[in-house]
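# Topology and contacts: notes
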There are 2 protein chains.
Amino acid sequence: MKSYKSMSKEELQALKKELEAAYVDAKGKGLSLNMARGKPGLSQLELAMPMLDVISSESDMHTILGTDTRNYGDLDGIGECRRLMADMMEVEKDNVIVCGNSSLNIMYDTIARSYAFGVAGQEPMCKQEKLKFLCPVPGYDRHFRITEEFGFEMINIPLSEDGPDMDMVEQYVNNDPAVKGIWCVPKYSNPTGISYSDETVKRFAALKPAAKDFRIFWDNAYCIHHLYDDKQDKILNILEECEKAGNPDMVYIFASTSKISFPGSGVAAVASSLANIDWMLKKMGTQTIGHDKINQLRHVRFFKDINGLNEHMKKHGDILRPKFEAVVDTLEKELGGLEIGSWVKPNGGYFISFDSLPGCAKEIVAKCKELGVVLTGAGATYPYGKDPEDKNIRIAPSFPTPEDMQTAAEIFVLCVKLVAVNHLLEA
Amino acid sequence: MKSYKSMSKEELQALKKELEAAYVDAKGKGLSLNMARGKPGLSQLELAMPMLDVISSESDMHTILGTDTRNYGDLDGIGECRRLMADMMEVEKDNVIVCGNSSLNIMYDTIARSYAFGVAGQEPMCKQEKLKFLCPVPGYDRHFRITEEFGFEMINIPLSEDGPDMDMVEQYVNNDPAVKGIWCVPKYSNPTGISYSDETVKRFAALKPAAKDFRIFWDNAYCIHHLYDDKQDKILNILEECEKAGNPDMVYIFASTSKISFPGSGVAAVASSLANIDWMLKKMGTQTIGHDKINQLRHVRFFKDINGLNEHMKKHGDILRPKFEAVVDTLEKELGGLEIGSWVKPNGGYFISFDSLPGCAKEIVAKCKELGVVLTGAGATYPYGKDPEDKNIRIAPSFPTPEDMQTAAEIFVLCVKLVAVNHLLEA
């Protein structure tokens, strides 16, 4: 296909006419499709329905060690669920606390505790003059919203296919004591789908933070969320690497079953060094008597072990793959060679990230909306909602059916083309 | 029975010998009983087991308004569960947010938000010089632990049978802008079992706080937790009274089903003015995408409505009543007239509060422990764990069987007598 950039004004004008006709045509269809959030689709939810049968009035409600899951106790989670989550997070059981239904909530609480009480004996962050947080971009809007709310100055760190720009990360972390943390989605990153290289993980572990209360927030949200059996990303174990590098307390790892069992009714967990886990438990004991142990038991009885989890995730992959491929194939077929956008084909996770020509993202999202296709707001993948180049768009293919996803992808490329042509004509 | 205080030294010494013999005898029994925490007993847990059958793989998982409870959404809780909790809390549905499994967690988060961000536009408490919190005593140790952790200076307010000493409350709240809140368990109070009089509630509503960010933390934990059909305490509706008094935003009400369905696997809720609820939701939206809606649905499908809840609580009352009566009857029979202790016979709730002679509580608890009967630590019912008179002991009769409760009560009165005799002999 011919690059738009190489087209003459006349060619672009002819193309524009064509695209506008297609646009009017599409508008007439009165579509209503949503690719805004990483919500599992109906057939994914159905996969977990049998989980609702494994605990009934006939069940033995005790854990292996004899805790009655119906009563108070076990602030750190029931043993077998800690084991399950530990295996999923590739850490030891003692390094894990299983909490409630939301890993985002654990991340928020971790920041909130650091703010009010300080990190393990350090000065409370609310008493410190200046707070900064590193934000690999594009990234997850809900991460950024937490650090924004607590008043951190957020610093954009470019994310490439190997992970964040580690020269820049080292520069900030090792020299500026106001830098207290960094948000990471190390595997099948939200939204670009990339996974951190071994070198990136090793460089993270080898950081020499200027701030004693600097921590890596390692949101391993998509740790077992593969799209392919034969193409699975692997990342190094950050907790082990930090230990080896003499920084055992520098990382918090987060994960949940929100996109394995049910969003909102899954279990979430945090993993860290024993020292960090001890300190968290001490603080957590003021906040709650304990989390929902019956739901923890329900998860263990259903999935049984890490093999059960992986088998289950294969079924999710089978459902998600065609939806992702509908998007990627359409992008390749319709936009390949046009030089008006770029994207990465991910091996897992929940998103496809699209970079348009600079200055076009907002308009593309607006045009899609006019045609009934809702995307994540442009800019959402950057701190403060501000994409400096206005080019990144997050596509969430999980919720629509494959057919709807195909339709939505076609609408999307139409809008990308139309906005690009307008943009080039105005340039 | 003859008052110990009127006994001669010789009489006391003879009594001491007798009690010591009984003590040695009891020690030989090797008991292991726990009256430390307000944990429901096994037969109470059994009552809720059928709740585990109402949601299965065959269930329609949608709310009345069509939300799929298995997916993300409904940060404020599903409508029908908000209705259920609203009816239980005697407020309107729109004034309620249904959260996760723990009302303590909601209280903690409410304090934490006030600390980090301020109360609805006021200065964050972490930026203020001095913070104070009023603590009616004896009270709930987990309340006190929250405000202690956030650095509030806690001020003891004596609690009588009508509620807190309102002269003192008014004096503090209306004059000292450092006073930011007060912990209240207005009905079947933890641990004294008393309920606030109408006058107390009206005086609360009529407060004229010196601090704009003063709030009443109204932990209505035992709102429908009656022991008797024919003797049920009623308290005035604090939200309505605050509205009438021109203080609509002054109170947060908390409640949960922890002692209705399952501790740890119930649902918890907060109720307040629409302005407060709006603000809380805005802040909560940074913390989580939503709470466990499937468990909310499970509760609604099982209890159906407030009548279902009340019917269920009658069964709890039937189970708890003999345990409470075993304690109170034993106290009356063994200690009546001796002038070495006082207590209130409650109409509901989870506790019986016992006041020994000043300076005896710690020793009584220690002696009971030696005989295998674990009580809540003496002092726990006061801020900082410091009972200035060392006299209050909280008895939690719910967990043991009625027979064990009888045995434990007998051990308790034996220790009360023995410590009192020693105390009087040393005086």
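Residues numbered from 1 in each chain as written. Chains lettered and ligands numbered in written order. Predicted model: local features only at pLDDT ≥ 70, side-chain atom pairs only at ≥ 80, totals over all residues. Heavy atoms only, no water.

## Focus: the overall build of chain A
The helix and strand tally for chain A stands at 13 helices and 13 strands. Principal-axis analysis of the C-alpha atoms places the extent of chain A at approximately 75 × 55 × 35 Å. Split into buried and exposed, the 427 residues of chain A put 62% on the buried side. Long-range contacts, defined here as pairs at least 24 residues apart, represent 76% of the contacts in chain A between residues at least 6 apart. Side-chain charges of chain A comprise 49 positive and 61 negative groups, with the mean position of each set lying 3 Å from the other. (Helix = DSSP H or I, 4+ residues; strand = E, 2+ residues; numbered from the N terminus. Buried < 20%, exposed > 50% of the residue type's maximum accessible area, 1.4 Å probe, protein only. Contact = heavy atoms within 4.5 Å. Lys, Arg positive; Asp, Glu negative; His and termini not counted. Charge placed at Lys NZ, Arg CZ, Asp CG, Glu CD.)

## Remarks on the interface of chain A and chain B
Every contact between the two is made by 59 residues of chain A and, on the other side, 59 residues of chain B. Between chain A and chain B, a total of about 4,900 Å² is buried, with carbon and sulfur atoms accounting for 50% of that surface. Per-residue buried area on chain A facing chain B is highest for A:R70, A:Y72 and A:T286; these three make up 16% of the total on that side. Where chain A touches chain B, the interface holds four salt bridges. A salt bridge links A:R70 to B:E46; its shortest N-O distance comes to 3.1 Å. At the level of secondary structure, the elements contributing two or more residues to the side of chain A that touches chain B comprise α2 (42-47), α4 (103-117), α5 (141-149), α9 (274-287) and α10 (293-303) of chain A. (Buried area = accessible area lost by both parts, 1.4 Å probe. Salt bridge = Lys/Arg side-chain N within 4 Å of Asp/Glu carboxyl O.)

## Points about the packing of aromatic side chains
Overall, the coordinates contain 36 aromatic pairs over all chains when judged by the stated rule. Arranged with centres 5.7 Å apart and planes meeting at 85°, the rings of B:F204 and B:W218 form a pair that is edge-to-face. Placement of B:F204 in helix α7 (residues 198-205) and of B:W218 in strand β7 (residues 215-219) is noted, with a sequence separation of 14 residues between them. The class of B:F204 is buried, set by a relative accessible area of 0%. The class for B:W218 is buried, based on a relative accessible area of 1%. Every member of this aromatic cluster is reached through a ring pair, and the members are A:F133, A:F152, A:W183, A:F217, A:Y252 and A:F254. We note A:K283 situated over the ring of A:F117; from NZ or CZ to the ring centre the distance is 4.3 Å. (Phe/Tyr/Trp six-rings, centres within 6.5 Å; stacked < 30°, edge-to-face > 60°. Lys NZ or Arg CZ within 6 Å of the ring centre and 35° of its normal.)

## Details of the nonpolar core
Nonpolar side chains tend to gather and get buried jointly when the protein is soluble and globular. A:F204, A:I216, A:W218, B:F204, B:I216 and B:W218 are the most contacted members of the largest nonpolar core, which has 118 residues in total. If we skip the residues at most four places from it in the chain, B:W218 touches B:C184, B:P186, B:Y196, B:V201, B:F204, B:I235, B:I238, B:V251, B:Y252, B:I253 and B:F254. If you look at the next biggest cluster of nonpolar residues, it comprises 72 residues, including A:F117, A:F254, A:A268 and B:A112. (Core = buried A, V, L, I, M, F, W, Y, C linked by side-chain atoms within 4.5 Å.)

## Points about the environment of B:I238
Residues and elements named next belong to chain B. With respect to the element layout, I238 can be found in helix α8 (residues 238-244). Counting along the chain gives 116 residues from I238 to F354, while the straight-line C-alpha distance between them is 28 Å. Excluding residues within four positions of it along the chain, I238 makes contact with V201, F204, A205, W218, V251 and I253.

## As for the sheet that holds strand β3 (residues 132-137) of chain A
Residues and elements named next belong to chain A. Taken in spatial order, the eight strands line up as β2-β9-β8-β7-β6-β3-β4-β5 in an open sheet, and their pairing is mixed. The open sheet has two edge strands with one neighbour each: β2 (96-98) and β5 (163-164). Contacts between helix α3 (residues 79-89) and the sheet are confined to β2, β8 (251-256) and β9 (268-271), with β8 contributing the most and set at about 110° to the helix. (Pairing = 2+ DSSP bridges. Axes fitted to C-alpha atoms, helices over the stretch in contact; angles between N-to-C directions.)

## A closer look at the packing of helix α12 (residues 361-370) of chain A against helix α13 (residues 402-426) of chain A
All names here are of chain A. Where α12 contacts α13, the axes come no closer than 9 Å and their chain directions differ by 130°. Comparing their axes, α13 and α12 come out oblique. Taken as a pair, α12 and α13 cross one another with a handedness that is right-handed. Contacts between α12 and α13 involve E363, I364, K367 and C368 from the first element and I411, F412, C415, V416, L418 and V419 from the second. Of the residues that constitute the contact of α12 with α13, the class distribution is eight nonpolar, no polar and two charged. (Parallel < 35°, antiparallel > 145°, perpendicular 65-115°, else oblique. Left-handed = near helix turned anticlockwise from the far one by under 90°. Nonpolar A, V, L, I, M, F, W, Y, C, P; charged D, E, K, R; others polar.)

## Focus: the sheet that holds strand β5 (residues 163-164) of chain B
Whether parallel or antiparallel, the strands of a sheet pair through hydrogen bonds between backbone atoms. Residues and elements named next belong to chain B. Strand order in the open sheet formed by eight strands is β2-β9-β8-β7-β6-β3-β4-β5, and the pairing between neighbours is mixed. Taken across any chain shown, the strands that pair with only one partner, and hence form the sheet edges, are β2 (96-98) and β5. Looking at chain direction, β2 and strand β9 (residues 268-271) are connected through three bridges and run antiparallel. Bridge pairing links V98 to A269 in β9. Contacts between helix α9 (residues 274-287) and the sheet are confined to β2, β7, β8 (251-256) and β9, with β2 contributing the most and set at about 30° to the helix.

## Some thoughts on the relation of the copies chain A and chain B
The transformation that overlays chain A on chain B combines an axial shift of 0.0 Å with a rotation of 180°, and the residual RMSD is 0.1 Å. Those values place the two copies in the arrangement expected of a two-fold rotation axis. Same-surface contact between copies: 100% of interface residues of chain A are shared with the interface of chain B. (Least-squares fit on C-alpha atoms with pLDDT ≥ 70 in both.)

## Some thoughts on the domain arrangement of chain A
All names here are of chain A. For chain A, the domain assignment lists domain 1 (4-44 + 310-426) and domain 2 (61-304). Its C-alpha centre places domain 1 at a distance of 31 Å from the equivalent point of domain 2. Each side of the interface is counted separately: domain 1 has 31 residues, and domain 2 has 35 residues. Across the domain 1/domain 2 interface, buried area totals approximately 2,900 Å², and carbon plus sulfur atoms make up 59% of it. Of all residues in domain 1, M313, N347 and Y384 give up the largest surface area on contact with domain 2, accounting jointly for 23% of the area buried on that side. Inspection of the region where domain 1 meets domain 2 yields one salt bridge. The salt bridge involving R37 is made with D141; its shortest N-O contact spans 2.9 Å. (Domains from an automatic or database assignment.)

## Considerations on the pairing of β3(A)
Residue and element names in this part refer to chain A. Most of β3 sits out of view: six of its six residues are buried. On β3, burial covers both faces: K132, L134 and P136 on one face and F133, C135 and V137 on the other are all buried. Relative to strand β4 (residues 153-160), β3 runs parallel, the two being bridged by six bridges. The partner of P136 across the bridge, within β4, is I157. Between the parallel elements β3 and β4, the chain passes through α5 in a crossover that is right-handed. Sheet topology places β3 next to strand β6 (residues 179-184); three bridges connect them, and they run parallel. Bridging from a neighbouring strand, L134 pairs with I182 of β6. (Right-handed = clockwise from strand over helix to strand, strands pointing away.)

## A few points about α3(A)
Residues and elements named next belong to chain A. Burial runs high along α3: eight of the eleven residues are buried. Buried within α3 we find E80, C81, R82, L84, M85, A86, M88 and M89. A positive backbone phi angle near 60° is found at E90, which sits one or two residues after α3.

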